[in-house]
Amino acid sequence: MPCLRRSLRFVLPLLAVVALGGCGRAWNDPYPVDEGTANVLYSAFTNRPKHLDPVQSYAEDEATFLYQIYEPPLQYHYLKRPFELIPGAAASLPVITRYDHGGRVLPESAPNDQVSYSIYEVQIRQGVLFQPHAAFATKADGSPAYVPMPPGVLENAATMADFPLTGTRELTADDFIYQLKRLAHPHLHSPILELMGGYIPGLKRLHETLVDAARKLPEGAWLDLDPFALDGVERVDRYTYRIRIEGAYPQLLYWMTMQFFAPVAREVDRFFSQPGMAEKNLTLDWWPVGTGPYMLVENDPNARMVLARNPNYRGETYPCEGAPEDAAEGLLADCGARIPFIDRAVFTREKESIPYWTKFLQGYYDASGVSSDNFDQAVQMSSSGEVGLSDEMRDKGIELVTSVAPTVMYMGFNMRDPVVGGDSERARKLRLALSIAIDQEEFISVFLNGRGTSAMHPVPPGIFGNEAGEAGINPEVYTWQDGQAVRKPVAVARQLLAEAGYPGGRDAQSGEPLVMHLDTTSSGLGEKAYVDWLTKQLRKIDLQLVVRATDWNRLQDKLRKGNAQLFYMGWNADYPDPENFYFLLYGPQGRVKSQGENAANYENAEFDRLFEQMKAMRNGPERLAIIRRMNRIVQHDAPWIWGLHQKAYVLQHGWLKNRKPGKIIRNTLKYQRVDAAARARLRTEWNQPVVWPLALIGGVLLLTVWPAVRRYRQHERQTIRVAAAGEG
Amino acid sequence: MFAYLVRRLAYALPILIGVNLITFALFFVVNTPDDMARMQLGVKRVTPEAIERWKAERGYDKPLFVNSAAAGAQQLTDTIFFDKSIRMFAFDFGRADDGRDIAREIATRMGPSLAIALPTFILGLFVTVSFGLMLVFFRATAIDFWGVVLCVAMMSISSLFYIIGGQWLVSKVWHLVPISGYGGGLDAPRFLILPVLLGIIGGIGSSTRWYRTIFLEEISRDYVRTARAKGVSELVVLFRHVLKNAMIPILTGVVVVIPLLFMGSLIIESFFGIPGLGSYTIDAIQSQDFAVVRAMVFIGSVLYIVGLILTDLSYTLVDPRVRFE
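Keep in mind it's a predicted model, so treat the numbers as computed, not measured.

## Observations concerning the overall build of chain A
Consideration 1: Each helix and strand counted, chain A has 22 helices and 26 strands in total.
Consideration 2: Taken along the three principal axes of its C-alpha coordinates, chain A extends 115 × 85 × 55 Å.
Consideration 3: Buried residues in chain A amount to 40% of all 728 residues.
Consideration 4: At a minimum sequence separation of 6, the contacts of chain A that also span at least 24 residues come to 69%.

So this is what it looks like as C-alpha cells:
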C-alpha cells in the first residue's frame, strides 16, 4: 500500500495537469482554452512558406497569407463567374489610353498592331492606412522611433510584437511606385522581372543600375530605391500614378490583382534593412506589412502562422451579386455586411496527412482537401457516377465543394526529339497514336478517383476559350457520340502508328521495336502502379515504354538541353485569360531556344501569329474564333497529350460560411464567416474523452504485475527449510 | 585527464573535417548550385539570369574544390568548399537559403526537440532497465520467457506502427490528447504525453533485451551470491549491486546518446507536428538547403564526439579502476 500511495503521489498531479489543461473543453483540443468560442478560423499548411516578400513570392502556399495582408490595386469579384475585375486598393479600374507610333491617342476600336504604347492611369483610394507597425512609429518630434534603432531594443526583440511603439500612415501612390521599383532590386530576384522588363520601359535598365549601386554599398547596407528613376512609371499626384506599357498588354490588369503590384512603404523597407535585423529573422520577407484586411501577428513557419484583423483596414462590404446559383447556396446571405468577418485565422503546420485529416474530422480544422487515402471515407459515387458525401460526412454536417481548377496537366513531346518531334507527318501520326492510346478517362477514374476532366486543348473550363459540347472536343482523339466525347478506338491508333511507319510497333525499315522514353519526377508505391498502367497503355499499340525516374531539377536540366522525349508537366494559371495557357506553346517561349515556358519546344508560325493577335484582344466572338483556329492547329500537331484539368474537392464544416471555390481568387479570408458557438458545441460533442480504456489498461497492468509481485514476496519470505522442503 | 581531453579534442578536428568533406561531396554529387537556385526561386518563370544572380549572391558561382582560374593559395580558398566550411568551424552557420538565420533557428527549435527527447530518454531508460532487471529476477521462469517473447514482438514492429496506431487509438478513438501540435507552458504535457509514451514503448523491446543480457552476466557473479548470503533483499541486490556493476556497458550505449538528444527525432517530430530540429533537418533535405543540411550534420558530428568523450569520462565515475593516463 505505501508503494501505491507513492505512485499516486506522482500520477495524480500529472493527471491533474492534463485535466486542468482540458478543463471545460475536449481533452484533445489542440488550441488554447480561451479560444473556445472565439471568432477564429482554423486551417493548416503543409509546406513552410519560403518567401513572404510580395516581389519574391510566387507560390500558392504563400499566397494564402500574402493576399490577406497586401491589397493590390485590383481584385476579382468574389462571386461572379466568369471572373470579373473590380477595384482593390485602387479607387476605380485603371484608365487605359493607347497611343500610336506618332504619340496620338488611339480609339478603343483601333487594332493592336497600331498601338505603340499604352498608359494605365491608376487612381488609388484616399484615406487608406497601413497596418499598425513599428516602421511607422514616431517620436514626439516626428522622427522615426526605430530608425536608427535605439540601443537595447533589438537585443530584446524576437518578433515584431517586441517593438512596443507602432504607428501608421496613409497609403499614397509612392508606395505603389516603390514596389514597382523593387521588382528590379538585385537581391530580391523577382520572378516577373524578365516578363515585366519586356513591357515596362526602363525596368531592366533600373535593374542594371541597381546592380551597380548595390555593388558599391557595404554588405547588408540598405539600397534606397527612391533616388533611382523608373522611366515607365510616373507619379501624377499623391493618389495617382501611371504605368507605361510597350504596345498593348491587357493582361496587365490581371497582374495588378497580384501581390507583385501591391504597395510597399519605403519606411518599412528602411526599417527592416537595419543592421542586426536579418540575424533575428526580422525582415520584410518574413514580416509583411500591408494595407489589407489582416496582418501577420505570429510567424513561426515551423509550427503556426496567425493572422489577425487589421484595425486600420479601410473596410469593405460583402458582395450582393454573384453567379445564378449563389443565392440558393446561401452565398448572398451576408449581402452588404461589413467584412472581414473573422477576427483571427490560425494556420497550423501539418506535415502528415493523418493528423490533418483526423483534426478536420474532430472539428479542429474548418476545411480540408480530400486526399486519395481519405477519398473513400469522405466521398461516394452513385451508380450514375454522381459525386456525393459519405454518410459519415453528412452526419457531421460536412459539405463538399467541387470545382475545376484553372490548371492543365499534360504529357509533353519534345518537338526536338528525332523520333516524336518535328513537323513531319510521320512524327505527327506517332504523337496522335499515343494520344489516342493513353486513356485519360481511365487514368482519371483509377488514379484520381474521378477528380479531373479530360483536356481537349490547353484551356481549362471556366476560362474564356474553353467550349463545352461538340465544338469543344479534340476531333483528332475524340468523336462526338450520343451527346458526349468518346475516345477513338485503339484500332485508329494502330492505324496511325502503321501510317507513321511503325506497323505493329516496329520500325518498318529496321524492324526494331519502337521504344518510348518517359522522364518522370515521381517515385514511390503509387508511381509504380502508374508506370505499370502507362506501360499497359502503350502495349495496346505494341509500343514499349522505358521510364526514367528523375528529380525535378534533373528533369528541368534535360528539358533545357532538349534531352527528354516524353515528360509530364503542369501549369497553374496566374490569371483567368487564355493567353496564360497558350503561351506555353508559343514558339519564342521555347525552352531550349530561350529558356521559356514552352517545354515541348513547339513551333508553328501560324499558331504564333494567331497567339500574338489573340493575346491583346478583348474576350468576344472575334477572339473566340481565333482561339478555335489555334486549338485546331495544336490539336492537329499534337505537341502534347492533352492530359486533364484537375477537379478540386474541398470539404468544409457546416459552421463555415461564404466559401466559394475559385483558385485564382486568393484574398478569400475576408469573405468567410464562422459560427464559432456551433463549432464549440459540436467539437465538445464529437470529442468526449473515452476513459474506460485507461482503467482497463491499468487493470491489465495490475493483473500482469500482480503475479510478479506475489512471486517476489514469496521469494523474499522463503526460508532455507521451506525451500529445501519444497525442492525435496 | 586534461591531457586526455586535449588529445581527444585534437582527434576530433580531422574527423570533423572529414565529415564536412563527405557531406559536401555527397550533397553536390546529387545537387548542383543551379538545382539549389531553382529550388529556391520556384518553378515558374525562372530565368537563367535569375539563377546566376542567386548563385553569385550566395557564393555558389565559384568552383567546388579547386579554382584553377585563381592564383596561389586562392586556388583552394576561393572555392565553395573552403568558403562554406571555414566559417562553420567557428560555429558561424550563416543563413539558410530562404534567408533565415540558422543559429537562431537551431536555438529556437532545440527546446521542442528536448521537450520530447529528454523525457523519452529518461523515462525510457528507467522503464527498460527496470523491466530488464525484473526479467533477470524471474529468469528461467514463465515470466521471463513471456517477457522476452513480448520484447522480441515489440522490437519487430516498426516505430511508424506505434506512432500511427497510437495516434489512431489514443487521439482519434479515445479523444484523450491532441493528435498533433505543440504548446508551451502548462499546455505542453497534453501534446507531449503521447509522443513520449510512444517513444518509450517503441524502445522497450530492443533495450530491455540488451539490458537483460548484461544483467544476466552479472547476476551469477560471486559478489551477488555474497550479497544474498548477507541477507540483502533481492531488490537491493538488483538495483544497488547488479545495476552498478553493469554500468560500463550501459553507459557505453547511453551516454553517447545524451548530446544527440538535442538533434531531435526525425519521425516523431514530423508526425506530431513538433517544431524541433529533427523536423528542421527533414525540411532542409527536402528543400535541398545545403547550408542547413551541412550545419545539422556538423552539429550532429560535434555532439557525437562530445558524447563519446563523455562516455569515456563517465567510466571513471562508475569504475574506479579506470584512469586517464
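## Structural notes on the sheet that holds strand β4 (residues 95-99) of chain A
Residues and elements named next belong to chain A.
Consideration 1: Within the open sheet, the four strands sit side by side as β4-β5-β7-β6. Their pairing is antiparallel. Each of the sheet's edge strands pairs with one partner strand only, and the pair in question is β4 and β6 (233-237). Averaged over all pairs of adjacent strands, the angle between strand axes in this sheet comes to 20°, irrespective of strand direction.
Consideration 2: Two strands pair when backbone bridges link them, and strand β5 (residues 117-123) and strand β7 (residues 240-246) are joined in this way by seven bridges, in the antiparallel orientation. Bridge pairing in β7 links V122 to Y241.
Consideration 3: In the packing of helix α3 (residues 173-182) onto the sheet, the strands contacted are β6 and β7, and the crossing angle to β6 comes to about 175°.

## Things to note about the sheet that holds strand β8 (residues 294-300) of chain A
Residues and elements named next belong to chain A.
Consideration 1: Ordered by their spatial adjacency, four strands build an open sheet running β1-β12-β9-β8, and the pairing between neighbours is mixed. Where the open sheet ends on each side, the last strands, each with one partner, are β1 (40-45) and β8. The mean angle between the axes of side-by-side strands here comes to 20°, regardless of whether they run parallel or antiparallel.
Consideration 2: Pairing of strand β9 (residues 304-309) with strand β12 (residues 344-349), which is carried by five bridges, proceeds in the antiparallel orientation.

## Points about the interface of chain A and chain B
Consideration 1: The partner chain B presents 49 residues to the 52 residues of chain A that form the contact.
Consideration 2: Those elements that place two or more of their residues in the side of chain A that touches chain B are α1 (2-21), α4 (193-197), β12, α8 (353-362), α15 (552-561) and α21 (692-717) of chain A.
Consideration 3: Of the residues assigned to the side of chain A that touches chain B, the class counts are 21 nonpolar, 16 polar and 15 charged.

## Topic: the confidence of the model for chain B
Residues shown with low pLDDT carry predicted positions that ought not to be read at fine detail.
Consideration 1: When pLDDT is averaged along chain B, the result is 89, and 99% of the positions lie at 70 or above.
Consideration 2: For this predicted complex, the interface score ipTM comes out at 0.86, while the overall pTM is 0.88.

## Examining unusual backbone geometry
For residues that are not glycine, phi is negative in most cases, and the peptide bond is trans in most cases.
Residue and element names in this part refer to chain A.
Consideration 1: The omega torsion across R81 and P82 is 0°, close enough to zero to call that bond cis.
Consideration 2: Of note, P82 is situated in the loop between β2 (74-76) and β3 (85-87).
Consideration 3: The linkage connecting I339 with the following residue, P340, adopts the cis geometry, with an omega of 10°.
Consideration 4: The backbone of H189 sits at a positive phi, close to 50°, despite the residue not being glycine.
Consideration 5: In the Ramachandran plot, Q595 falls in the positive-phi region, its phi being about 60° despite a non-glycine side chain.
Consideration 6: Summarising the element assignment, Q595 is placed in the loop between α17 (591-594) and α18 (605-615).
Consideration 7: Judged by the 16 C-beta atoms lying within 10 Å of it, Q595 is partly exposed.

## Some thoughts on the pairing of β9(A)
All names here are of chain A.
Consideration 1: The sheet contact formed by β8 and β9 spans six bridges and is antiparallel. Across the sheet, M295 pairs through a bridge with A308, a residue of β9.
Consideration 2: Between β8 and β9, which pair antiparallel and follow one another directly, the connecting turn spans three residues.

## Looking at the confidence of the model for chain A
Consideration 1: Per-residue pLDDT for chain A has a mean of 91; in total, 95% of the residues score no lower than 70.
Consideration 2: Here α1(A) is the element of chain A with the lowest mean pLDDT, 50, and α3(A) is the one with the highest, 98.

## Here's the deal with the environment of I119(A)
Residue and element names in this part refer to chain A.
Consideration 1: As for its position among the elements, I119 is in strand β5.
Consideration 2: Among the residues examined, I119 registers 17 C-beta atoms within 10 Å and is labelled partly exposed.
Consideration 3: A sequence separation of 472 residues divides I119 from R591, and the C-alpha atoms of the two residues are 31 Å apart.
Consideration 4: Non-local contacts of I119, meaning those with residues more than four positions away in its chain, are made with T97, R242 and R244.

## Here's the deal with the domain arrangement of chain A
Residues and elements named next belong to chain A.
Consideration 1: Taken domain by domain, chain A consists of domain 1 (2-34 + 689-727), domain 2 (52-290) and domain 3 (407-648).
Consideration 2: Put simply, the middle of domain 2 and the middle of domain 3, counted by C-alpha atoms, are 38 Å apart.
Consideration 3: Across the boundary between the two partners, domain 2 contributes ten residues, which contact eight residues of domain 3.

## Thoughts on the environment of F163(A)
Residues and elements named next belong to chain A.
Consideration 1: Take F163: it is sitting in the loop between β5 and α3.
Consideration 2: Judged by the 20 C-beta atoms lying within 10 Å of it, F163 is buried.
Consideration 3: In the structure, F163 is positioned 28 residues away from A135 in sequence and 9.5 Å away in space, judged by C-alpha atoms.
Consideration 4: Setting aside its immediate chain neighbours within four residues, F163 contacts A134, Y146 and A157.

## Describing the nonpolar core
Consideration 1: Within the largest apolar cluster, 92 residues are counted, with the highest numbers of intra-cluster contacts made by L183(A), V268(A) and A345(A).
Consideration 2: When neighbours within four sequence positions are excluded, L183(A) is seen to be in contact with V55(A), S190(A), I192(A), L193(A), M196(A), L203(A) and F260(A).

## Let's talk about the packing of helix α6 (residues 102-137) of chain B against helix α11 (residues 234-245) of chain B
Residue and element names in this part refer to chain B.
Consideration 1: Two numbers describe how α6 lies on α11: the axes approach to 11 Å, and their chain directions differ by 120°. Taken as axis vectors, α6 and α11 run oblique relative to one another. The crossing of α6 and α11 is right-handed. On α11, the residues touching V129, L133 and F137 of α6 are E234, L238, F239 and L243.

Rules used in this analysis
- Residues numbered from 1 in each chain as written.
- Chains lettered and ligands numbered in written order.
- Predicted model: local features only at pLDDT ≥ 70, side-chain atom pairs only at ≥ 80, totals over all residues.
- Helix = DSSP H or I, 4+ residues; strand = E, 2+ residues; numbered from the N terminus.
- Buried ≥ 20, exposed ≤ 12 C-beta atoms within 10 Å, placed from the backbone.
- Contact = placed C-beta atoms within 7 Å.
- Pairing = 2+ DSSP bridges.
- Axes fitted to C-alpha atoms, helices over the stretch in contact; angles between N-to-C directions.
- Nonpolar A, V, L, I, M, F, W, Y, C, P; charged D, E, K, R; others polar.
- pLDDT = per-residue confidence, 0-100.
- Domains from an automatic or database assignment.
- Core = buried A, V, L, I, M, F, W, Y, C linked by C-beta atoms within 7 Å.
- Parallel < 35°, antiparallel > 145°, perpendicular 65-115°, else oblique.
- Left-handed = near helix turned anticlockwise from the far one by under 90°.

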